[in-house]
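# Notes for the structure review
Spelled out from the first residue to the last, the chains are:
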Amino acid sequence: MARPDRVTLVTGNPGKVAELRELLDPLGVAVVPDDRGYPEIQHDELRGVTEAGAGYLLATGLEPPFLLEDAGLFVSALKGFPGVYSRHALDTVGCQGLLDLLRDVEPELRSAAFRADLCYVDEDGTPHHFEGTCKGRIADRAAGNGGFGFDPVFVPDGAQQTFAEMDAAQKNALSHRGDAARAFVQWLSNQ
Ligand code: IMP
């Protein structure tokens, strides 16, 4: 399989575009954003959401190769919530709502993980999945203006700052999306 020199990234999230560009640019793969959207089906696994999205995009005529990604924040004390419902949780209760849910939860019980499934649909229309995880904890209060989504309340393991207090390179080095993108890059560089 030939390595593409450009890949369409289907997302309406400029934060994801910036992060994946920074990761794929050095490989000579240009990321071209496309915000046409796709139905995010209800599924208990991230890869179920991207797999269905990939099928929809192919069926509706998007020319491969393309990438789509689904991510979520899984909070241990909330038994994995908001997880696959993270977008809805962000749009409704937001970062403050998450902090409120954890108000009386002790620091050692505030563990959480961001997870991402990056789905690459190759030029033949075959999906390939790359998973990434970033373990950490939910902060006591929101901090920082960078990143997007739940970044102001998430502190990755080994760090003292939230993702929103880091620059893009620092976040990418630790993040679930960076982890998934590095697995993709590794695979791509063997193609
Ligand atoms: P999406 O459906 O993959 O766009 O992501 C679902 C939700 O997860 C987003 O609306 C954000 O709330 C959250 N999310 C995903 N990735 C990140 C991230 O890197 N930082 C902060 N929040 C994120």
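For the structure itself, look to the data block above.
Residues numbered from 1 in each chain as written. Predicted model: local features only at pLDDT ≥ 70, side-chain atom pairs only at ≥ 80, totals over all residues. Heavy atoms only, no water.

## Section: helix 2 (residues 46-59)
With 14 residues, helix 2 extends 20 Å between its outermost C-alpha atoms, agreeing within 8% with the 20 Å of an ideal straight helix rising 1.5 Å per residue. Those residues of helix 2 not exposed but buried are Leu46, Gly48, Val49, Thr50, Gly53, Ala54 and Leu57. Packing partners of the buried residues in helix 2 comprise strand 1 (6-10), strand 3 (66-75), strand 4 (111-121) and strand 5 (127-138). Downstream of helix 2 by a residue or two, Gly61 has a phi angle that is positive, lying close to 100°. (Helix = DSSP H or I, 4+ residues; strand = E, 2+ residues; numbered from the N terminus. Expected span 1.5 Å × (residues − 1). Buried < 20%, exposed > 50% of the residue type's maximum accessible area, 1.4 Å probe, protein only. Contact = heavy atoms within 4.5 Å.)

## Some thoughts on unusual backbone geometry
For the peptide bond that leads from Pro64 to Pro65, omega is 5°, which places it in the cis range. Note that Pro65 resides in the loop between helix 2 and strand 3. Here Lys79, not a glycine, exhibits a phi torsion of approximately 55°, which is positive. You can see Lys79 is positioned in the loop between strand 3 and helix 3 (86-92). By relative accessible area, Lys79 is classed as exposed at 81%.

## A few points about the site of the ligand
Lining the immediate environment of the ligand, one finds 16 residues, of which Lys16, Ala71, Asp151, Lys171 and Arg177 sit closest. In this structure, a nitrogen atom belonging to the ligand sits 3.0 Å away from a main-chain N or O atom of Phe150. A distance of 2.6 Å is found between a nitrogen atom of the ligand and a side-chain nitrogen or oxygen belonging to Asp151. When residues of the shell around the ligand are traced back to their parent elements, those giving at least two are strand 3, helix 3 and helix 6 (176-189). Tallied by class, the residues present in the shell around the ligand amount to 5 nonpolar, 3 polar and 8 charged. (Near = heavy atom within 4 Å. Polar contact = N/O pair within 3.5 Å; in protein donor to acceptor, adjacent residues only side chain to side chain. Nonpolar A, V, L, I, M, F, W, Y, C, P; charged D, E, K, R; others polar.)

## Quick notes on the packing of aromatic side chains
Enumeration over the complete set of coordinates arrives at 8 aromatic pairs. Taking 6.0 Å as the distance between ring centres and 20° as the angle between the ring planes, the aromatic pair formed by Phe114 and Phe163 counts as stacked. You can see Phe114 sitting in strand 4 and its partner Phe163 sitting in the loop between strand 6 (154-156) and helix 5 (168-174), a full 49 residues away along the chain. When sorted by exposure, Phe114 lands in the same class as Phe163, which is buried. Geometrically, the ring pair formed by Phe154 and Phe163 is tilted, given 5.2 Å between the ring centres and 40° between the ring planes. (Phe/Tyr/Trp six-rings, centres within 6.5 Å; stacked < 30°, edge-to-face > 60°.)

## A word on the pattern of salt bridges
Under the criterion given, the structure shown has 10 salt bridges. Among the salt bridges present, the one from Arg110 reaches Asp140, with a minimum N-O distance of 3.7 Å. Of this pair, Arg110 sits in the loop between helix 4 (94-101) and strand 4 while Asp140 sits in the loop between strand 5 and strand 6, placing them 30 residues apart in sequence. Between Lys171 and Asp151 there is a salt bridge; the shortest N-O distance is 2.9 Å. Here Lys171 is found in helix 5, whereas its partner Asp151 is found in the loop between strand 5 and strand 6, with 20 residues between them in sequence. Across this residue pair, the class does not change: Lys171 and Asp151 are buried. Here the salt bridges do not stand alone but share partners, grouping Lys16, Glu19, Glu69, Asp151, Lys171 and Arg177 into one network. (Salt bridge = Lys/Arg side-chain N within 4 Å of Asp/Glu carboxyl O.)

## Observations concerning the side chain of Asp34
Considering the arrangement of structural elements, one finds Asp34 in strand 2 (residues 30-34). Asp34 has contacts with Thr8, Leu9, Val10, Thr11 and Leu62, leaving out every residue within four places of it along the chain.

## Details of the nonpolar core
Burial of nonpolar side chains together is a common tendency in soluble globular proteins. Leu24, Leu67, Leu118, Tyr120 and Phe184 are the most contacted members of the largest nonpolar core, which totals 19 residues. Where this core is concerned, the elements lending two or more residues are strand 1, helix 1 (14-24), strand 4 and helix 6. The contacts of Phe184, once residues within four sequence positions are left out, are Leu24, Leu67, Leu118, Tyr120 and Phe130. Formed by 17 residues, the second largest nonpolar core is a distinct cluster that contains Leu73, Ile138, Phe154 and Met166. (Core = buried A, V, L, I, M, F, W, Y, C linked by side-chain atoms within 4.5 Å.)

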